[in-house]
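Survey of secondary and tertiary structure
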Amino acid sequence: MASEVTSISENIKVISEKIRQAELKSGRKAGSVKLLAVSKFHPSDAVLEAVKSGQFLFGENRVQEASEKFPDIIEKNPEVKVHLIGQLQTNKVKNAVKIADTIQSLDRMDLVLEIEKQAAKIDKMISVLFELHTGEESKSGFSSVEEIRQVLDYISKGNAPHLVPKGFMTMAPFTDDENLIRKSFVSLRECAKTLQKEFPAFDLSELSMGMSGDFEIAIEEGSTMVRVGTAIFGERQY
Ligand SMILES: *Cc1c(COP(=O)(O)O)cnc(C)c1O
């Protein structure tokens, strides 16, 4: 491979093609799966290289890192959107709502209250995905459909008017066992199906599932957004 920077656009091309193939293979509509480029631990230059090749959706885990990297990039490229995908501490929400278009890692009621409070202050609508815990290894996410149901019920009563529920997110377990990975994605899809029926006033169609190692399986199981870091930007230096 050439330098990391020159390979990013190439990697995006390759991943996009694999997404297209997976869409075809599973009878999904072409273009129905979005690519979120996970740029955590990679510098602004890497993000800009991706932007140059037409990538506008980026995922970050940490609020501080996103807040340092993205304001300049967004100022010059207003179509760029940041999704926060890492566990979010309550005291980081104030800065999170400033930088984020979407918070994918909504995992508790406390967070709903704080996002509403901070988003109201700056008069900004924040899209949210409910993170469901579906794999043993990851610790984040709501632990049951029932917990998400309660939060949706609360929001549906007009209690958090600055939050826009858009769907669901999960992380599959870190394993080579394809059956376990698939099971995790299926349980997110089932959760979405159940709750969409109960809350028809919301469009809960976004299913954020699949990473570098498992995005093709996720697409077969109904993913509408894959979160790909390593396969685009290379290994992270923690
Ligand atoms: C880091 C991260 C990703 C990207 O993982 P890769 O394996 O590098 O593609 C996706 N989702 C979440 C929640 C992450 O924390």
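Further up the page is the structure itself.
A few points on the structure. Quantities reported herein were computed from a predicted structural model and do not represent experimental measurements.

**Let's talk about the site of the ligand**
In the region of the ligand, the neighbouring residues are Val38, Lys40, Asn61, Ile85, Met171, Met211, Ser212, Arg227, Val228, Gly229, Thr230 and Arg236. Arg227 is positioned such that a nitrogen or oxygen atom in its side chain is 2.8 Å from a nitrogen atom of the ligand. Starting from 390 Å² of accessible surface for the ligand in isolation, the protein chains cover 92%. Of the residues assigned to the shell around the ligand, the class counts are five nonpolar, four polar and three charged.

**Thoughts on the packing of aromatic side chains**
By the definition in use, this model includes three aromatic pairs. Consider the rings of Phe130 and Phe142, whose centres lie 6.2 Å apart with planes at 45°: the pair is tilted. With Phe130 in strand β5 (residues 126–131) and Phe142 in the loop between β5 and α6 (145–156), this residue pair connects regions lying 12 residues apart in the sequence. Between Phe130 and Phe168, the ring centres sit 6.0 Å apart and the planes meet at 40°, which makes this aromatic pair tilted. In this pair, Phe130 is assigned in strand β5 and Phe168 in strand β6 (residues 163–169), connecting sequence segments 38 residues apart. Summarising the burial analysis for this pair, Phe130 and Phe168 share the class buried. What links up through ring pairs into an aromatic cluster is the set Phe130, Phe142 and Phe168.

**Observations regarding the packing of α6 against helix α7 (residues 178–198)**
Packing of α6 against α7 brings their axes to within 11 Å, and their N-to-C directions diverge by 30°. Here α6 is positioned roughly parallel relative to α7, judged by the angle of their axes. Handedness of the crossing formed by α6 with α7: right-handed. Within the contact between the two elements, α6 uses Val145, Ile148, Arg149 and Leu152 and α7 uses Cys191, Thr194, Leu195 and Glu198.

**Details of a positive patch on the surface**
The grouping of Lys94, Lys98, Lys117 and Lys121 at the surface amounts to a positive patch. Looking at the positive patch, the elements that each hand over two or more residues are α4 (93–99) and α5 (109–121). Relative accessible area serves as the criterion here: at 46%, Lys117 is assigned to the partly exposed category.

**Points about the nonpolar core**
The tendency in soluble globular proteins is for nonpolar side chains to be buried as a group. In terms of nonpolar packing, the biggest core is built from 64 residues, with Phe58, Ile115, Phe130, Ile148, Phe168 and Ile232 touching the most fellow members. Sort the elements by how many residues they give to this core and α7 lands first, with six residues. Those residues in contact with Phe130 that sit more than four places away from it in its chain are Leu106, Phe142, Ile148, Val151, Leu152, Ile155, Pro165, Gly167, Phe168 and Met169. Counting residues in hydrophobic clusters, the runner-up holds seven residues, among them Val38, Leu57, Leu129 and Met225.

**Quick word on the pairing of strand β3 (residues 81–84)**
Where strand β2 (residues 57–60) lies against β3, four bridges are found, and the strand directions are parallel. Paired with Phe58 across the two strands is Val82, which belongs to β3. Sheet topology places β3 next to strand β4 (residues 102–106); two bridges connect them, and they run parallel. Bridging across to β4, His83 finds its partner in Thr102. With respect to chirality, the unit in which β3 leads through α4 into the neighbouring parallel β4 is right-handed.

**Here's the deal with helix α2 (residues 44–52)**
Three or more residues of α2 are buried, namely Ala46, Val47, Glu49, Ala50 and Val51. Downstream of α2 by a residue or two, Gly54 has a phi angle that is positive, lying close to 90°.

**Focus on the environment of Leu152**
Along the chain, Leu152 falls in helix α6. Spatially, the C-alpha atom of Leu152 lies 34 Å from that of Ile232, the residues being 80 residues apart in sequence. Leave out the neighbours within four places in its chain, and Leu152 touches Phe130, Pro165, Leu195, Phe199, Phe202 and Leu204.

So, how was this worked out
- Residues numbered from 1 in each chain as written.
- Predicted model: local features only at pLDDT ≥ 70, side-chain atom pairs only at ≥ 80, totals over all residues.
- Heavy atoms only, no water.
- Near = heavy atom within 4 Å.
- Polar contact = N/O pair within 3.5 Å; in protein donor to acceptor, adjacent residues only side chain to side chain.
- Areas by Shrake-Rupley, 256 points an atom, 1.4 Å probe, with all protein chains shown as cover.
- Nonpolar A, V, L, I, M, F, W, Y, C, P; charged D, E, K, R; others polar.
- Phe/Tyr/Trp six-rings, centres within 6.5 Å; stacked < 30°, edge-to-face > 60°.
- Helix = DSSP H or I, 4+ residues; strand = E, 2+ residues; numbered from the N terminus.
- Buried < 20%, exposed > 50% of the residue type's maximum accessible area, 1.4 Å probe, protein only.
- Axes fitted to C-alpha atoms, helices over the stretch in contact; angles between N-to-C directions.
- Parallel < 35°, antiparallel > 145°, perpendicular 65-115°, else oblique.
- Left-handed = near helix turned anticlockwise from the far one by under 90°.
- Contact = heavy atoms within 4.5 Å.
- Patch = residues over 30% accessible without salt bridge, like charges linked within 9 Å, V, L, I, M, F, W, Y side chains within 5 Å.
- Salt bridge = Lys/Arg side-chain N within 4 Å of Asp/Glu carboxyl O.
- Lys, Arg positive; Asp, Glu negative; His and termini not counted.
- Charge placed at Lys NZ, Arg CZ, Asp CG, Glu CD.
- Core = buried A, V, L, I, M, F, W, Y, C linked by side-chain atoms within 4.5 Å.
- Pairing = 2+ DSSP bridges.
- Right-handed = clockwise from strand over helix to strand, strands pointing away.

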